[in-house]
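# Structural characterization, general
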Amino acid sequence: MISFSNEGMRRLLAGYRNFFNGNPVRKGFCALHAEQIADTQNPHSMVVSCFDSRVCPEAIFDTNDGHICVHRNMLNQIDKEDFSMVASLRFAVKNLQVENIVILGHSDCNAVAKLKHLEELPPELRAWLDRTHTCYRGESLEAAVKNNVLDQLAHLHSIDFVAEEEASRGLKLEGFYFHIDDGRMERWNNADSVWTFVPTEEKDAC
Ligand SMILES: [Zn+2]
């Protein structure tokens, strides 16, 4: 049994099951759907994902156009001094009233691995990765990526307008870890402080 928290999360987890089982309902351009979203958008969630080309949030959560907002950067960072990041976040939270903000980390994250060797990097890479306000923490790359996800959730909690929406309407902040090699997904369970695998069969989810 897994908790959904809200309709947006139920849809994300159902979409993930579709993705994992090779039964996506996501379509390419569809005139009927395009007409429905021509004048408005009503996304249920915002996903902050790493830059890695192997991690595609719209595919992993099997969403169609208009369902989720996606912001991507190396390390899936919540950087409060990044104007692009903060502007996207504020618009999603305050204007679009998304139900969830998801931080999506992943296996084999080269950006997290590079945190161990910042001094060896060219300045353009070092300048960004050093802004993560985190560091390589953990016995393995997987542990370090997961800890980085938790660091970014903490950064989210510390943003005033995010905290306001958590308190006033139950905005949820969620951490996920995607296994590139086999498609499995883990979700951070804040109540028990553990990562748990997301069910891939419908019977396990409801
Ligand atoms: Zn990455």
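See the structure printed just above.
Residues numbered from 1 in each chain as written. Predicted model: local features only at pLDDT ≥ 70, side-chain atom pairs only at ≥ 80, totals over all residues. Heavy atoms only, no water.

### Focus: the sheet that holds strand 4 (residues 172-178)
With mixed pairing, the six strands of this open sheet are ordered in space as 2-1-3-4-5-6. Either end of the sheet is taken by a strand with one partner, and the two such strands are strand 2 (68-72) and strand 6 (194-197). Direction aside, neighbouring strands of the sheet carry axes that sit 25° apart on average. Of the strand pairs in this sheet, strand 1 (residues 45-49) and strand 3 (residues 100-106) are connected by five bridges, and their pairing is parallel. Opposite serine 45, over in strand 3, you have asparagine 100 as the bridge partner. (Pairing = 2+ DSSP bridges. Helix = DSSP H or I, 4+ residues; strand = E, 2+ residues; numbered from the N terminus. Axes fitted to C-alpha atoms, helices over the stretch in contact; angles between N-to-C directions.)

### Considering the coordination of the zinc ion
Under perfect tetrahedral coordination by four donors, a metal shows angles of 109.5 degrees; under perfect octahedral coordination by six donors, it shows angles of 90 or 180 degrees. Within the protein, the zinc ion binds to Cys50 (SG), His106 (NE2) and Cys109 (SG); these donor distances fall in the range 2.0 to 2.3 Å. Donor residues for the zinc ion sit on one chain with the sequence pattern C-x55-H-x2-C. Remark: cysteine 109 occurs in the loop between strand 3 and helix 5 (110-114) and cysteine 50 occurs in the loop between strand 1 and helix 3 (57-60); sequence separation between them is 59 residues. Taken individually, cysteine 50 and cysteine 109 each receive the classification buried, so the pair is uniform in this respect. (Donors = N, O, S within 2.8 Å, 3.2 Å for Na, K, Ca; no water. Buried < 20%, exposed > 50% of the residue type's maximum accessible area, 1.4 Å probe, protein only.)

### Concerning the packing of aromatic side chains
In this structure the tally under the stated criterion is five aromatic pairs. Positioned over the ring face of phenylalanine 161 is arginine 90, at 5.6 Å from the centre of the ring. Just above the ring of tyrosine 136 sits the side chain of lysine 116; from NZ or CZ to the centre is 4.7 Å. (Phe/Tyr/Trp six-rings, centres within 6.5 Å; stacked < 30°, edge-to-face > 60°. Lys NZ or Arg CZ within 6 Å of the ring centre and 35° of its normal.)

### With respect to the pattern of salt bridges
Scanning the model with the defined rule gives twelve salt bridges in all. Among the ionic pairs, glutamate 164 bridges to lysine 94, the shortest N-O distance being 2.8 Å. Here the residue glutamate 164 occupies a position in helix 8 (residues 160-169), and lysine 94 occupies one in helix 4 (residues 83-95), the gap between them amounting to 70 residues. Taking the relative accessible area as the measure of exposure, glutamate 164 reaches 44% and is therefore partly exposed. For lysine 94, a relative accessible area of 23% gives the class partly exposed. Among the charged side chains, a network of salt bridges with common partners joins Lys94, Glu164, Glu165 and Arg169. (Salt bridge = Lys/Arg side-chain N within 4 Å of Asp/Glu carboxyl O.)

### Concerning the environment of leucine 104
Along the chain, leucine 104 turns up in strand 3. Note: C-alpha distance between leucine 104 and aspartate 182 (78 residues apart in sequence) is 16 Å.

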